[in-house]
Structures are given as structure tokens and as C-alpha cells.
Amino acid sequence: MNKTKAFALAAAAAASIAASPGLAQEAGFALELNSLRPAEMGCRLTYVALNETGADLSAAAFEVAVFDGEGTVNKLLILDFGALKNGKTKVVQFDIAGQDCGDISRLLVNDAAECAVTDGEAPDCLEMLEPSSRTNVKFGL
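Taking strand neighbours across the sheet as the criterion, the four strands line up as β4-β3-β6-β8 in an open arrangement whose pairing is mixed. Looking at the sheet topology across the chains shown, the edges are occupied by β4 (73-80) and β8 (138-140). The sheet shows a mean angle of 20° between the axes of neighbouring strands, direction not considered.

Before going further, it helps to examine the packing of aromatic side chains. Taken as a whole, this structure holds seven aromatic pairs when the rule is applied. Both rings, one in Phe-29 and one in Phe-62, keep their centres 5.4 Å apart while their planes meet at 55°; by these two values the pair is tilted. Residue Phe-29 is located in strand β1 (residues 28-38), and its partner Phe-62 is located in strand β3 (residues 57-67); the two are separated by 33 residues in the primary sequence. One exposure class covers both Phe-29 and Phe-62, and it is buried. Taking the centre distance of 5.5 Å and the plane angle of 80° together, the rings of Phe-81 and Phe-94 count as edge-to-face. With Phe-81 in the loop between β4 and β5 (89-97) and Phe-94 in strand β5, this pair connects stretches of sequence that are 13 residues apart. A relative accessible area of 1% means that Phe-81 is categorised as buried. Overall, the relative accessible area of 13% leaves Phe-94 in the buried class.

Below, the discussion takes up the nonpolar core. Counting 31 residues, the largest nonpolar core has Phe-29, Leu-31, Leu-45, Tyr-47, Phe-81, Ile-104 and Leu-107 as the members making the most contacts within it. Of all the secondary structure elements, the ones that give two or more residues to this core are β1, β2 (42-52), β3, β4, β5 and β6 (106-117). Considering every element that reaches this core, the biggest residue donor is β3, with five residues. Leaving out residues up to four positions away in the same chain, Leu-45 has contacts with Leu-33, Ser-35, Leu-36, Val-92, Gln-93, Phe-94, Ile-96, Ile-104 and Leu-107.

This structure, assessed with the given rule, holds two disulfides. One disulfide in the model links Cys-43 with Cys-101; its S-S distance is 2.0 Å. The S-S bond linking Cys-43 to Cys-101 shows a torsion near 110°; that makes this disulfide right-handed. Separated by 58 residues along the polypeptide, Cys-43 in strand β2 and Cys-101 in the loop between β5 and β6 bring together distant segments of the chain. Across this residue pair, the class does not change: Cys-43 and Cys-101 are buried. The disulfide partner of Cys-115 is Cys-125, and the gap between their sulfur atoms is 1.8 Å. One end of the pair, Cys-115, is in strand β6; the other, Cys-125, is in helix α2 (residues 125-128), and ten residues separate them in sequence. Using a relative accessible area of 2% as the deciding quantity, one classes Cys-125 as buried. Going through the protein chain in sequence order and numbering each bonded cysteine, the pairs you get are 1-2, 3-4.

Cut-offs and rules
For every chain, the first residue of the written sequence is number 1, and numbering continues from 1 onward in sequence order. Residues qualify for local features only when their pLDDT is at least 70, as the model is predicted, and side-chain atom pairs are given and counted only at 80 or more; totals for whole chains, interfaces and linings, by contrast, use all residues. Neither water nor hydrogens contribute to the side-chain values; these are computed over all heavy atoms in the structure. Any two strands are treated as partners once DSSP identifies two or more bridges connecting them. Each helix is a run of H or I in the DSSP string that is no shorter than four residues. Each strand is a run of E no shorter than two, and both are numbered from the N terminus. Note on definitions: angles span 0 to 180 degrees between N-to-C directions of axes, and those axes are lines fitted to C-alpha atoms, for helices only across the stretch in contact. Any Phe, Tyr or Trp ring, taking Trp's six-membered ring, that has another such ring centre within 6.5 Å forms a pair; planes under 30 degrees apart are called stacked, those over 60 apart edge-to-face, and the others tilted. Burial classification: accessible surface area is computed with a 1.4 Å probe over protein chains only, and a residue below 20% of its type maximum counts as buried, one above 50% as exposed, and the rest as partly exposed. Nine residue types can take part in a nonpolar core, namely buried Ala, Val, Leu, Ile, Met, Phe, Trp, Tyr and Cys, and a core is a set of them joined through side-chain atoms within 4.5 Å. Should any heavy atoms of two residues lie within 4.5 Å, those residues are considered in contact. Disulfides are defined as pairs of cysteine sulfur atoms found within 2.5 Å of each other.

Shown next as C-alpha cells:
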């Protein structure tokens, strides 16, 4: 195989990898519901947040609705992640007092309660939000 053909094949392979879902890096705010565990007073939710919005956030918080097993909203929470530099991953835990983990069927991100930067214009954190779950509880927009 000549060098020109080898280069063309390598370039095509690189373009294919870059276009593959999950491999290309895109701007966003990844928010993973990592686990739910019983806590002393209720249920402890553990989230993993990754800020890839392109901005250092001085504040990031989301309003989340908690649905029970019958699909009824029984709580509205504000999940406050605080400051989060661009490219930074942060693990945060939130306790829901009086809530049994087994009674949570779904968590819905209702709105971005706060999304601010120190300098410049803040990104639209709700628009950039990429929710996911490692649990059997549905988590999304």
C-alpha cells in the first residue's frame, strides 16, 4: 500500500472515530444520578457532575421533582452543586428527609435554579444539561 492511500485510510478512520457517539467531546453539563442509598433520615442521592460548558461556573443548581411509585410528584428539591470550573468533575450527595429510596420512581429536572459565571455571560445550563442514571430510577428532563 502506498503512503497516500495509507494516509487517506488513517484520516477516514480518525474522522469515523470522532463522529462516533460517546467518543466526540461536546460542550455540555453532564449530570449522572450515580446511586440512591438509605440514610439515617431518609434517602441519600449521589450525583456526579461534569462541567464541560466552556465556562467556569460560580454557581450551578437545578430544581428537581421527585415522583413516587404511582407517578405523583411528592417533593420539589433544589440540588445545589456550587462552583464548578470548566472540565471539573464533582461528586455531591443530597439527603431527602422522610423519603424511602424504594418509593422514588422518577426524578425530573424541572429547571435550572441557578447558573452563573464570575465574568461574562452564563451558558444555558438547562439547555446544555445531559442527565443520565446508573440506577433503576428514571432521571431526565
